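One-letter residues, chain by chain:
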Amino acid sequence: MIELNPKVKEALFKIDFVKRYEELSHKYDSNRTPDEKRLVYIDGEEVMETIAKLGYKPMFDSKEKFFYINKDYVDNYEFGFNIIFRDGSAELVWIAKENEELVLGSPWSVYARRLINPQYIIKRPIFGTYNDIYEILKTAFQMYEDFKNALTAISK
């Protein structure tokens, strides 16, 4: 398995990524929202409004079917955040480039496996309502901001 970039790895540890992702996964799991209660078909406009309420400019890639926010530039870094809703679950993907070189660009579940153990799995958060989506994204965006701050601080 490919190693994480050392700065990215340090930033993920610094923000306690694994613990926070596990908490999000456990809070929004299949016990809370079984298959029959999942919000499988979502209203894209509602999701766009939710992302905007959280302070980001939302966009949708209609070809690849995912939501994303405007890229953010801090020092020599470019950051992005993609959100894929599939079968009532949220797959969260951070993208980070340092001096135009990709240093991060996988789903969150991959980061945990690379930090701990290749067999370690944290399940995607599951939602049954638009309020669940709001709360999941609220936490995810808080973690995103913490990650950006941690990574740029490490590089100074």
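Scroll up for the structure.
Note that the coordinates shown come from a computational prediction; the quantities given were computed from them, not determined experimentally.

## A word on the overall build of the protein chain
The number of helices and strands found in the protein chain is five helices and six strands. Starting at the N terminus and ending at the C terminus, the protein chain contains elements arranged as α-α-α-β-β-β-β-β-β-α-α. Reported as C-alpha extents along the three principal axes, the dimensions of the protein chain are approximately 45 × 35 × 25 Å. For the protein chain, contacts bridging at least 24 residues in sequence account for 62% of all contacts bridging at least 6. A total of about 8,600 Å² of accessible surface is found on the protein chain, and carbon and sulfur atoms cover 47% of it. Of the charged side chains in the protein chain, 23 are positive and 26 negative; the average position of the first set lies 2 Å away from that of the second.

## Brief notes about the environment of Leu 12
Locating Leu 12 in the fold gives a position in helix H1 (residues 6-14). Each C-alpha atom of the pair Leu 12 and Ala 150 lies 8.0 Å from the other, and the pair is 138 residues apart in sequence. Ignoring any residue separated from it by four or fewer positions in sequence, one finds Leu 12 in contact with Leu 4, Phe 17, Trp 94, Tyr 111, Leu 115 and Phe 147.

## Here we look at the packing of aromatic side chains
Considering all chains together, one arrives at 21 aromatic pairs under this definition. Centroid distance Phe 66 to Tyr 68: 5.7 Å. Interplanar angle 55°. Geometry classified as tilted. Relative accessible area serves as the criterion here: at 26%, Tyr 68 is assigned to the partly exposed category. For the pair Trp 94 and Tyr 144, a centre-to-centre distance of 6.3 Å together with 45° between the ring planes defines the contact as tilted.

## Regarding the environment of Lys 19
Structurally, the position occupied by Lys 19 is in helix H2 (residues 17-27). The class of Lys 19 is partly exposed, set by a relative accessible area of 45%. Between the C-alpha atoms of Lys 19 and Lys 57, which are 38 residues apart in sequence, the distance is 28 Å.

## So, the nonpolar core
Ranked by size, the top nonpolar core spans 44 residues in total, and within it Phe 17, Phe 81, Trp 94, Trp 108, Phe 141 and Phe 147 carry the most contacts. At ten residues, helix H5 (residues 130-154) tops the list of elements feeding residues into this core. Among all residues touching Phe 147, those that are not within four sequence positions of it are Val 8, Ala 11, Leu 12, Ile 15, Phe 79, Trp 94, Ala 96 and Leu 104.

## Points about the packing of H2 against H5
Closest axis-to-axis distance for the H2/H5 pair is 11 Å, and the angle between their directions is 175°. With respect to their mutual orientation, H2 and H5 come out roughly antiparallel. Taking contact as the criterion, the partners of Phe 17, Arg 20, Tyr 21 and Leu 24 in H2 are, on H5, Ile 136, Thr 139, Gln 142, Met 143 and Asp 146. Taken together, the residues that form the contact of H2 with H5 break down as five nonpolar, two polar and two charged.

## A short note on the pattern of salt bridges
Applying the stated rule across the entire model yields eleven salt bridges. Across the salt bridge formed by Lys 19 and Glu 23, the nearest N and O atoms sit 3.8 Å from each other. With Lys 19 and Glu 23 both in helix H2 and four residues apart, the pair spans about one turn of that helix. On the basis of relative accessible area, Glu 23 is assigned to the partly exposed category, the value being 45%. One connected set of salt bridges, linked through shared partners, spans Asp 72, Glu 145 and Lys 148.

Quick notes on the rules
Residues numbered from 1 in each chain as written. Predicted model: local features only at pLDDT ≥ 70, side-chain atom pairs only at ≥ 80, totals over all residues. Heavy atoms only, no water. Helix = DSSP H or I, 4+ residues; strand = E, 2+ residues; numbered from the N terminus. Contact = heavy atoms within 4.5 Å. Areas by Shrake-Rupley, 256 points an atom, 1.4 Å probe, with all protein chains shown as cover. Lys, Arg positive; Asp, Glu negative; His and termini not counted. Charge placed at Lys NZ, Arg CZ, Asp CG, Glu CD. Phe/Tyr/Trp six-rings, centres within 6.5 Å; stacked < 30°, edge-to-face > 60°. Buried < 20%, exposed > 50% of the residue type's maximum accessible area, 1.4 Å probe, protein only. Core = buried A, V, L, I, M, F, W, Y, C linked by side-chain atoms within 4.5 Å. Axes fitted to C-alpha atoms, helices over the stretch in contact; angles between N-to-C directions. Parallel < 35°, antiparallel > 145°, perpendicular 65-115°, else oblique. Nonpolar A, V, L, I, M, F, W, Y, C, P; charged D, E, K, R; others polar. Salt bridge = Lys/Arg side-chain N within 4 Å of Asp/Glu carboxyl O.

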